[in-house]
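# Analysis of the macromolecular model
This is what each chain is made of:
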Amino acid sequence: MSAKRPSSGPLAAAVLAVCAACSANTAELTPLAWQKVTSPTGAAGSILAAPGASGAFDEVGNFTVSAFRDAGVTSLYYGGADSSGNGICPGINVAHWRIGLAQSQDGVSFQRVPGDRTGGAILDNGDAARFDSYLTYRPFVLKDGTVYRMWYNGSTKPFNDCRLPNGPGRLADNRRIGYAQSIDGVHWTRGHDAPYDGDGPDGSELPLGATGSIDAQQVGYVWVLKDGDQYKLYYSANDSTNTWRVALATSNDARHWTKVPGKQVGGSVLDIGAPGSVDAACAYQPTVVKESASLYRMWYRACSAPAALGGPSGGVIAYAESNDGITWVKTPAGGTANVAVVAGAAGAFDSGGLTTPAVFLDGTTWNMYYAGFDTTGVFMAGLARAPR
């Protein structure tokens, strides 16, 4: 186990005061020392060559990643953007997104695995009547015994449609959570293509909250932790002000979910921070690891200010701890406050900001796969590592 952080000074006192409301004391741990890792197969510090080949589902960019290691192979699931938006709106704004897979023996050099869907994707957009007819991205994959389970984001709208006449653009505002299943991790059947649809609208998994709730507008960007016999769905909840927080739902079968109220604003388990903090505008896209019976770790995307159209802007990877998976404390992570990983230097693929961390422990090494974007809006995948 890591050494204890010194428990003196005003910051430590503030953390301990917050922890007094937890069900047990959260151990003070030495911050993990994250270092970004470059790959010979990547570009500008990324780990996956970008863009994909001409005509590929990811020929414009790749981001919103999740990863795990099994039987000596690291599988990186990611969203990819095609060129359907070229010449219409800048960057990825009106591109279609689909889901793909890349794999690696060493976790650093990745090769794409061709899928049998459009442009080599492994999961395509849904039919016109479905919630994922335009965007299908941000996969999270859990190998659950002999079954691969995937939860993902879907929407009927592009990210930011600059073609609309009533302003410079409009953000997608109806992201939902989808489900797919596979026996090999490559060939997938979506929940809404099978006899069973989820409990959400138009084939999605999770219903929205009531008017005025933290998840009244959108749900998405999930992480699923199998904790004993229970599945814990940490999901990003979006309210009518377009503010993102982290919420929790649980299930016994990985398909039917019960929302679990947290102790923070609106029943969230992780709220945005105070004005001036690193997460004053957004705190979402969680990745959760249960390291021991009384230590849960969460990394999440934090942004300090909204973008011009009201959505999240920039972004760093921030950190929180819990002893029960419900009550979370934002914990110093080295450097500035609870910030674990920051944007790259000028010219790096992640110089504009960071999104969607995906963390797992492999032996004595922590691995964080994440998505980054540069100042021109090009998205690619990256890696940071830290010793345990």
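Notes on the structure follow. Quick caveat, the model's predicted, so the values are computed rather than measured.

Let us now look at the overall build of the protein chain. Secondary structure summary: the protein chain contains one helix and 21 strands in total. Expressed as a percentage of its 388 residues, the buried residues of the protein chain come to 57%. Sequence-distant contacts in the protein chain: of pairs separated by 6 or more residues, those separated by 24 or more amount to 54%. For the protein chain, the exposed surface amounts to about 14,700 Å²; the carbon and sulfur share of it is 55%.

Right, let's talk about the layout of surface pockets for a bit. Empty space within the largest pocket amounts to approximately 710 Å³. Lining the largest pocket we find 28 residues, and of these N93, L171, A307, P312 and F379 sit closest to its centre.

Right, let's get into the sheet that holds strand β1 (residues 35-37). In spatial order, the strands read β1-β21-β20-β19; together these four strands make up an open sheet with antiparallel pairing. Each end of this open sheet is capped by a strand with a single partner; those strands are β1 and β19 (353-362). Each adjacent strand pair in this sheet contributes to an overall mean axis angle of 30°, direction not counted. Bridge count for strand β20 (residues 365-373) against strand β21 (residues 379-387) is nine bridges, and the pairing is antiparallel. Within β21, the position partnered with G372 by the bridge is M380.

The next thing to look at is the packing of aromatic side chains. Under the defined criterion, the tally for this structure stands at 26 aromatic pairs. Each ring, one from F63 and one from Y137, has its centre 6.3 Å from the other, and the planes form 10°; the classification is stacked. Residue F63 is found in strand β2 (residues 61-70), and its partner Y137 is found in strand β6 (residues 135-144); the two are separated by 74 residues along the sequence. A ring pair is formed by Y221 and Y284, whose centres lie 5.5 Å apart and whose planes are at 90°; its orientation type is edge-to-face. Note that Y221 is positioned in strand β10 (residues 218-227) and Y284 in strand β14 (residues 282-292), a separation of 63 residues in sequence. Using a relative accessible area of 4% as the deciding quantity, one classes Y221 as buried.

Within the secondary structure, K232 sits in strand β11 (residues 230-238). Among the polar contacts made by the side chain of K232, one reaches the side chain of Y296 at a distance of 3.4 Å. With residues up to four places along the chain from it excluded, the contact list for K232 reads W223, V224, L225, D227, L248, A249, T250, W257, Y296 and D324.

A separate point is the environment of A33. Its place among the elements puts A33 in the loop between α1 (10-19) and β1. Sequence separation of A33 and A333 is 300 residues, and the distance between their C-alpha atoms is 8.5 Å. Residues contacting A33, with those up to four places away along its chain left out, are R385, A386 and P387.

Our focus in this paragraph is the pairing of β6. With nine of ten residues buried, β6 is to be regarded as a mostly interior element. Direction of pairing for β6 relative to strand β7 (residues 147-155): antiparallel, over a ladder of eight bridges. By the bridge assignment for β7, F140 is matched with W151. Linking β6 to β7, which pair antiparallel, is a turn of two residues; within it G145 sits at a positive phi near 70°.

Definitions and cut-offs
- Residues numbered from 1 in each chain as written.
- Predicted model: local features only at pLDDT ≥ 70, side-chain atom pairs only at ≥ 80, totals over all residues.
- Heavy atoms only, no water.
- Helix = DSSP H or I, 4+ residues; strand = E, 2+ residues; numbered from the N terminus.
- Buried < 20%, exposed > 50% of the residue type's maximum accessible area, 1.4 Å probe, protein only.
- Contact = heavy atoms within 4.5 Å.
- Areas by Shrake-Rupley, 256 points an atom, 1.4 Å probe, with all protein chains shown as cover.
- 1 Å grid on protein atoms, 1.4 Å probe; cavity = no way out; pocket = protein on both sides within 12 Å on 5 of 7 lines; lining within 4 Å.
- Points joined across faces, edges and corners; volume = space filled by probe spheres on them.
- Pairing = 2+ DSSP bridges.
- Axes fitted to C-alpha atoms, helices over the stretch in contact; angles between N-to-C directions.
- Phe/Tyr/Trp six-rings, centres within 6.5 Å; stacked < 30°, edge-to-face > 60°.
- Polar contact = N/O pair within 3.5 Å; in protein donor to acceptor, adjacent residues only side chain to side chain.

Limitation: the analysis is restricted to geometry and does not speak to function.
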